[in-house]
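What the coordinates show
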Amino acid sequence: MNPIVSIQGLSKQYRNQRGIRDIRLEIGAGDIYGLLGPNGAGKTTILKLMTGLIRPDQGTVSLFGSDIREQFELGMRRVGCMIESADFHDFLNASQYLTCVARYYPHITKKRMDEVLESVGLYAVRKDKIKNYSTGMKQKLALAAAILPEPELVILDEPTNGLDIEGTVMFRSLVQRCSEELGTTFIISSHMIHELEQLCNRVGVIFEGKLRTEGRVTELLKHNQSLEQFYIQELQQAREAAHSA
Ligand SMILES: Nc1ncnc2c1ncn2[C@@H]1O[C@H](COP(=O)(O)OP(=O)(O)OP(=O)(O)O)[C@@H](O)[C@H]1O
């Protein structure tokens, strides 16, 4: 595998001693990688470190061969991301917001913005002020912004939070379409394990700040009835090991 994401020895400890320890992870072009783990395990911390939102204590993150500490813009140029709840200028409408986002890229047309709004189901309300949007609608807009420039790598932190059932189905088909038509690589942190089972080719389980295990979904499903069963079993074993240590 020629990795487009390479994480080596990544550690971050917050003042309260929580955080992540010695994460090693490689993600190849075209992977749809699911990051699983209980609340507070460290998933968002990894995604924030990957996108330069926080600095590591140790270790490196390389995106498309560029160490993000040394060549941040070069690595991030090919990345779209949505991390934690989106923060918008409420007085804008969705079209205006995407126009602001488009300023960072040279090639985005009005047609592309409309196409993306259509694909996340916001085209009909594109002229409504964002302040009147529901949580799920804001989530869809954040997703639209993340995929707007057709990035090669998309990093999504709990993307289906707040989405209704149709929204969740829309999300799944959007990821599948980007993957099939553009070869987009995805890293998705989510508690929606059935979604991840359908979408991902690889998953990793984070437990108490460490990458406990990872595997190919097809392989895991040969030995487990579902990804959920595998995950619950992994957590039980991790807790037993932590207890007896
Ligand atoms: N800014 C911060 N200051 C102190 N502690 C933090 C900070 N951010 C996160 N933490 C702690 O680090 C740990 C990992 O948090 P993180 O948000 O990465 O977990 P997560 O796996 O994304 O959880 P969830 O599934 O609940 O979103 C948690 O114990 C959290 O309380």
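These remarks concern the structure in this document. In this numbering scheme, every chain counts its residues from 1 along its sequence in written order. Only residues with pLDDT of 70 or above have their local features reported here, since the model is predicted, and side-chain atom pairs are shown and tallied only from 80 upward, although totals for entire chains, interfaces and linings are computed over all residues. By convention in this description, side-chain values take in all heavy atoms of the structure and omit both hydrogens and water.

1. With respect to helix α1 (residues 43–50)
Buried means the residue's accessible area, taken with a 1.4 Å probe over protein chains only, is under 20% of the maximum for its type, while exposed means over 50%, and partly exposed covers the values in between. Note on conventions: DSSP H or I runs of at least 4 residues are helices, E runs of at least 2 residues are strands, and numbering of each starts at the N terminus. With eight of its eight residues buried, α1 lies for the most part within the structure. Of all the residues in α1, the buried ones are Lys 43, Thr 44, Thr 45, Ile 46, Leu 47, Lys 48, Leu 49 and Met 50. Gly 52 sits one or two positions beyond α1 and adopts a positive phi of about 75°.

2. With respect to the site of the ligand
Surrounding the ligand, one finds 14 residues, the nearest of these being Arg 18, Gly 40, Lys 43, Thr 44 and Thr 45. Between the ligand and Thr 44, the relevant distance is 2.7 Å, taken from an oxygen atom to a side-chain nitrogen or oxygen of the residue. Taking His 191, its side chain carries an N or O atom lying 2.9 Å from an oxygen atom of the ligand. Each accessible area is a Shrake-Rupley estimate made with a 1.4 Å probe; only the visible protein chains count as cover when residues are assessed. Compared with its free state, where it exposes 640 Å², the ligand has 67% of that area covered by protein. Examining the composition of the shell around the ligand, we find that three residues originate from one element, α1, more than from any other. Of the residues in the shell around the ligand, the class split is three nonpolar, eight polar and three charged. Throughout this document, a residue counts as near a molecule or strand when at least one of its heavy atoms sits within 4 Å of that molecule or strand. Distance and chemistry together define a polar contact, namely a pair of N or O atoms within 3.5 Å, with one atom able to donate a hydrogen and the other to accept it when in protein, and with adjacent residues in sequence counting only for side-chain atoms on both sides. By the convention adopted, Pro, Cys, Tyr, Trp, Phe, Met, Ile, Leu, Val and Ala count as nonpolar, Lys, Arg, Asp and Glu as charged, and the other residues, Gly among them, as polar.

3. Side note on the packing of helix α4 (residues 110–119) against helix α5 (residues 135–147)
Running from N to C, α4 and α5 cross one another at 140°; their axes reach a closest spacing of 9 Å. One way to sum up the angle between α4 and α5 is to call them oblique. The element α4 and its partner α5 pack so that their crossing is right-handed. Here α4 contributes Arg 112, Val 116, Leu 117 and Ser 119 to the contact with α5, which in turn contributes Leu 141, Ala 144 and Ile 147. Residue composition of the contact of α4 with α5, by class: five nonpolar, one polar and one charged. Axes here mean lines fitted to C-alpha atoms, for a helix over just the part in contact, with angles spanning 0 to 180 degrees between N-to-C directions. Angles below 35 degrees are treated as roughly parallel, those above 145 as roughly antiparallel, those between 65 and 115 as roughly perpendicular, and all remaining angles as oblique. In this scheme the handedness of a crossing depends on how the near helix is turned from the far one: anticlockwise by less than a right angle means left-handed, clockwise means right-handed. Between two residues, a contact is recorded if the distance between any of their heavy atoms is within 4.5 Å.

4. A few points about the side chain of Thr 185
By the element assignment, Thr 185 lies in strand β8 (residues 185–189). If we ignore the near neighbours within four places in the chain, the residues touching Thr 185 are Ile 4, Ile 27, Gly 28, Ala 29, Gly 30, Asp 31, Glu 152, Leu 153 and Val 154.

5. Brief notes about the sheet that holds strand β2 (residues 19–28)
We treat two strands as partners when DSSP finds at least two bridges between them. The sheet built from four strands is open, its strands ordered β2-β1-β4-β5 with antiparallel pairing. A strand with exactly one partner marks an edge of an open sheet, and here the two such strands are β2 and β5 (66–67). Sheet analysis places strand β1 (residues 3–13) next to strand β4 (residues 58–63), joined by five bridges and oriented antiparallel. Note on β4: the bridge partner recorded for Ser 6 is Ser 62. Packed onto the sheet, α1 meets β1, β2 and β4 and runs at close to 120° relative to β1.

6. Re the pattern of salt bridges
Salt bridges are identified by distance alone: a Lys or Arg side-chain nitrogen within 4 Å of an Asp or Glu carboxyl oxygen. Per the counting criterion, the structure on display carries 11 salt bridges. Of the charged contacts in the structure, one is a salt bridge between Asp 31 and Arg 202, with a shortest N-O distance of 2.8 Å. One end of the pair, Asp 31, is in the loop between β2 and β3 (32–36); the other, Arg 202, is in strand β9 (residues 202–207), with 171 residues separating them in the sequence. You can call Asp 31 buried: its relative accessible area is 6%. The class of Arg 202 is buried, set by a relative accessible area of 9%. For Glu 234, the salt bridge is made with Arg 212, and the minimal N-O distance between the two is 2.8 Å. Of the two residues, Glu 234 sits in helix α9 (residues 227–244) while Arg 212 sits in strand β10 (residues 210–216), which places them 22 residues apart along the sequence. Because the salt bridges share partners, they merge into one network encompassing Asp 31, Arg 202 and Glu 214.

7. Considering the sheet that holds β9
Adjacent strands of a sheet form backbone hydrogen bonds with each other and so pair up, either parallel or antiparallel. Strand order in the open sheet made by the six strands is β6-β7-β8-β3-β9-β10, with mixed pairing throughout. The two strands at the open ends of the sheet, each matched to only one other strand, are β6 (79–82) and β10. Neighbour-to-neighbour, the strand axes of the sheet open up by a mean angle of 15°, direction not taken into account. As paired strands, β6 and strand β7 (residues 153–157) are joined by four bridges and run parallel to one another. Paired with Met 82 across the two strands is Leu 156, which belongs to β7.

8. Observations concerning the pairing of β4
The side chains of a regular strand alternate between both faces of the sheet. Bridging between β4 and β5 involves two bridges; their strand directions are antiparallel. Residue Leu 63 lies in a different strand from β5, and its bridge partner there is Ser 66. The hairpin turn running from β4 into β5, its antiparallel successor, is two residues long, and Phe 64 in that turn takes a positive phi close to 55°.

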